[in-house]
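# An overview of the molecular structure
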Amino acid sequence: MNKKNIITILLALVALSGQAQTKKTATIKGYSPALEDSTVAECSIENVRVASDTIIGGHFTLTVPVEGLTKSYLFLAGEGCPNYLMTIWLKPDVDVNLSGTDCLYPLWKVDSPLPEQQTLSHMMEHGHETLAEFLRLDLANASWDEERPVYMKYLKQKMDVLPSLPVDAASLEELEGVAMMARNYTKDFPYMEQLKELEASTAARAPKGFEEQLALIHSQVYPQHILQVGEEAIDAELIDMQGQKHHLAEVLGQSDRYVLLDFWSLGCGPCRMAEPEMRSAYEQSQGKLEIIGINQDKLSAWQEDNFSKSIAWKNWNDGKMGKADIENSYCDMKAIPYYVLISPDKHILWKGAGYGMGWFMGLLSAINGPKQDNTANLSLTIQQVDADASGTTVSFRYYGHKNLWFRIAKGSYLEADGKKYKLTSANGITPDADIYPQVRATETTEGYLSNLCYSNFTLTFEPFETIPEAFDFKEGDGEGAFVIRNVSIE
């Protein structure tokens, strides 16, 4: 089992895209005597940083490029500042002033002439104490289990006050955020009936011009069927870098070719972190693995970006900034990176959010090895099986960061036809001991990918009573144990 899996999930509660060049600007000014010098103030729009300033004497000023009514995010990176994005509504030539006495900037007073910001301020006032509690938990590095009930209370307070507020861009953005959280991270959202009533009443009193956003909120409250592992993949229309339309059906169902859907965005750090390993696996796959990048940024930003232009595989875009049917059909949550692996016979084999080092090299190794299902943990793969009357020897390879250990338990066993076959010996590792992969997995000597290494080892088990067509490997029955299913004996 892993000591640590480097997985970062970026919640896509808003569409992710670039910002067009413009000469029009708005200004955000802030002050608090509690802010330390060298704290950095940043403003982002659609997940792209558009302005920054280093705080001196508690003051900062951000000049933000905008064209029309724009939702921006303020983030302060410094001692005592919470990890939280504060929403600021902007328009050209508008000045917004923030002031506080502490570092909890999402709770500061906001002086703005925009009615959308005033709508948001009314909502923040209603949940002020609950948000303050949540921010303090964040600063104390509390776990999500500790933060979750407080955040759920804050969402409830938002829903309580929304009926008394005007239906405008700000109130709809907040309702959309609640709806996405209900869909993504709360299996049994405790306020679902209230959310349904709120969605209906908001749609009934909304002015014209918000139809598309109302439809998106409705789709989150009443989501369409999301394809699960084992189901057959469906077609979708996408756009390439030259603006030409394509369909998943062009790639799906080709003999001996697996397809990996990669939902990503330019502003997503883990997406970029995963790219070198994906590239290495793709180049070594010899046509057995096709990758389809499904970008969720604005078309113009995606088409003009140098990183996007360097992608080696099919680089397509949904055309709707992450809000198209393909995401609603394949993704269990609005998170990036999000991956979907599809078999040559068009069935979904694996779905995962975030990135764990070794996933894609392990995936490639499994594709090239005996038929197996290592999707419970892609980092561990079986390369060869030798079974006879004296025992069954299984050759493994584990991919991971060279400084992060893994461990194989003494209680590991094979299971076939309802019977268990115990581990009798190991070569290349010591069971229950920490193992650090040390053989470099690629020729890369610099950057993050240079840390990707592997370890080869063999495990021998009691002989099968009757050699089966397939078996399962289980590293004991504990939580987090490695499992590889349906391993064929060729």
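Residues numbered from 1 in each chain as written. Predicted model: local features only at pLDDT ≥ 70, side-chain atom pairs only at ≥ 80, totals over all residues. Heavy atoms only, no water.

For the protein chain, the count of helices and strands is 11 helices and 25 strands. Here the C-alpha atoms of the protein chain give a radius of gyration of 25 Å, agreeing with the 23 Å that 2.2 N^0.38 yields for 490 residues. The 490 residues of the protein chain split such that 52% are buried. For the protein chain, contacts bridging at least 24 residues in sequence account for 66% of all contacts bridging at least 6. Considering the protein chain, the positive charge centre built from 43 side chains and the negative charge centre built from 67 side chains are found 1 Å apart. (Helix = DSSP H or I, 4+ residues; strand = E, 2+ residues; numbered from the N terminus. Rg over C-alpha atoms; globule rule 2.2 N^0.38 Å. Buried < 20%, exposed > 50% of the residue type's maximum accessible area, 1.4 Å probe, protein only. Contact = heavy atoms within 4.5 Å. Lys, Arg positive; Asp, Glu negative; His and termini not counted. Charge placed at Lys NZ, Arg CZ, Asp CG, Glu CD.)

A full pass over the atoms with the stated rule returns 17 salt bridges. Lys158 is paired through a salt bridge with Glu174; the nearest N and O atoms lie 2.7 Å apart. Within this pair, whereas Lys158 is found in helix H3 (residues 144–161), its partner Glu174 is found in helix H4 (residues 169–184), the two being separated by 16 residues in sequence. The residues Lys158 and Glu174 share a single accessibility class, namely buried. As a salt-bridge pair, Lys474 and Glu415 come within 3.0 Å of each other at their nearest N and O atoms. (Salt bridge = Lys/Arg side-chain N within 4 Å of Asp/Glu carboxyl O.)

Reading across the sheet, the 4 strands line up as S5-S2-S8-S9 and stay open at both edges, with mixed pairing between neighbours. In this open sheet, the two edge strands, each paired with only one partner strand, are strand S5 (59–65) and strand S9 (109–111). Averaged over all neighbouring strand pairs, the angle between strand axes comes to 15°, with direction disregarded. Direction of pairing for strand S2 (residues 25–31) relative to S5: antiparallel, over a ladder of 7 bridges. Its bridge partner lying in S5, Gly30 is registered against Phe60. (Pairing = 2+ DSSP bridges. Axes fitted to C-alpha atoms, helices over the stretch in contact; angles between N-to-C directions.)

Okay, the sheet that holds strand S6 (residues 70–77) next. Read across the open sheet, the 4 strands follow the order S4-S3-S6-S7; overall the sheet is antiparallel. Two strands close off the open sheet at either side, each with one partner strand: strand S4 (48–54) and strand S7 (86–90). Within the sheet, the average angular offset between the axes of one strand and its neighbour, ignoring direction, is 30°.

Here Phe406 shows up in the loop between strand S19 (391–401) and strand S20 (413–416). In this structure Phe406 comes out as buried when scored by relative accessible area, which is 0%. Each C-alpha atom of the pair Phe406 and Gln372 lies 21 Å from the other, and the pair is 34 residues apart in sequence.

On to helix H5 (residues 192–205). Given 3.6 residues per helical turn, the α-helix brings residues three or four places apart onto the same face. Between its terminal C-alpha atoms H5 stretches 20 Å, which fits the 20 Å expected from 14 residues at 1.5 Å a residue. Those residues of H5 lying buried are Leu195, Leu198, Glu199 and Thr202. With its buried residues spanning 105° around the axis, H5 presents them on a single face. Counted as exposed and oriented over 90 degrees from the buried face of H5: Glu193, Glu197 and Ala204. (Expected span 1.5 Å × (residues − 1). Arc of directions from axis to C-beta.)

What follows covers the state of the cysteines. Applying the stated rule across the entire model yields 1 disulfide. Here Cys81 stays free of any disulfide, with the sulfur of Cys103 as its closest cysteine sulfur at 4.6 Å. No disulfide involves Cys331; its sulfur sits 11 Å from the nearest other cysteine sulfur, which is in Cys271. For Cys331, a relative accessible area of 4% translates into the label buried. (Disulfide = S-S within 2.5 Å.)

In this section: the packing of helix H2 (residues 128–139) against H3. At a minimum axis distance of 9 Å, the contact between H2 and H3 shows a crossing angle of 160°. Looking at the two axes, H2 sits roughly antiparallel to H3. For the pair H2 and H3, the crossing hand works out as left-handed. Of H3, the residues touching H2 (which contributes Thr130, Leu131, Glu133, Phe134, Leu137 and Asp138) are Trp144, Glu146, Glu147, Val150, Tyr151, Lys153, Tyr154 and Gln157. In terms of residue class, the contact of H2 with H3 is built from 7 nonpolar, 2 polar and 5 charged. (Parallel < 35°, antiparallel > 145°, perpendicular 65-115°, else oblique. Left-handed = near helix turned anticlockwise from the far one by under 90°. Nonpolar A, V, L, I, M, F, W, Y, C, P; charged D, E, K, R; others polar.)

To continue, consider the packing of aromatic side chains. All told, the structure shown has 25 aromatic pairs when counted by the stated rule. Ring centres 6.3 Å apart and planes at 10° place the aromatic pair Tyr339 and Trp350 in the stacked group. With Tyr339 in strand S16 (residues 338–342) and Trp350 in strand S17 (residues 348–353), this residue pair connects regions lying 11 residues apart in the sequence. The buried category is assigned to Tyr339, whose relative accessible area is 0%. On the basis of relative accessibility, which here comes to 8%, the residue Trp350 falls in the buried class. Note on Tyr355 and Phe360: the rings are 6.0 Å apart at their centroids and 5° apart in plane angle, and the pair reads as stacked. A relative accessible area of 2% places Phe360 in the buried class. Joined through ring pairs, the aromatic side chains of Phe396, Tyr398, Phe406, Phe457, Phe461, Phe473 and Phe482 make up one cluster. The cationic tip of Arg397 hangs over the ring face of Tyr454; the distance from NZ or CZ to the ring centre is 3.7 Å. (Phe/Tyr/Trp six-rings, centres within 6.5 Å; stacked < 30°, edge-to-face > 60°. Lys NZ or Arg CZ within 6 Å of the ring centre and 35° of its normal.)

Between the first and last C-alpha of H4 there are 22 Å, a value that for 16 residues agrees with the 22 Å anticipated at 1.5 Å per step. Extensive coverage of H4 is indicated by the burial of 16 of its 16 residues. Among the residues of H4, the N-terminal cap falls to Asp168, whose side-chain oxygen and the backbone nitrogen of Ala170 are separated by 3.1 Å. (Polar contact = N/O pair within 3.5 Å; in protein donor to acceptor, adjacent residues only side chain to side chain.)

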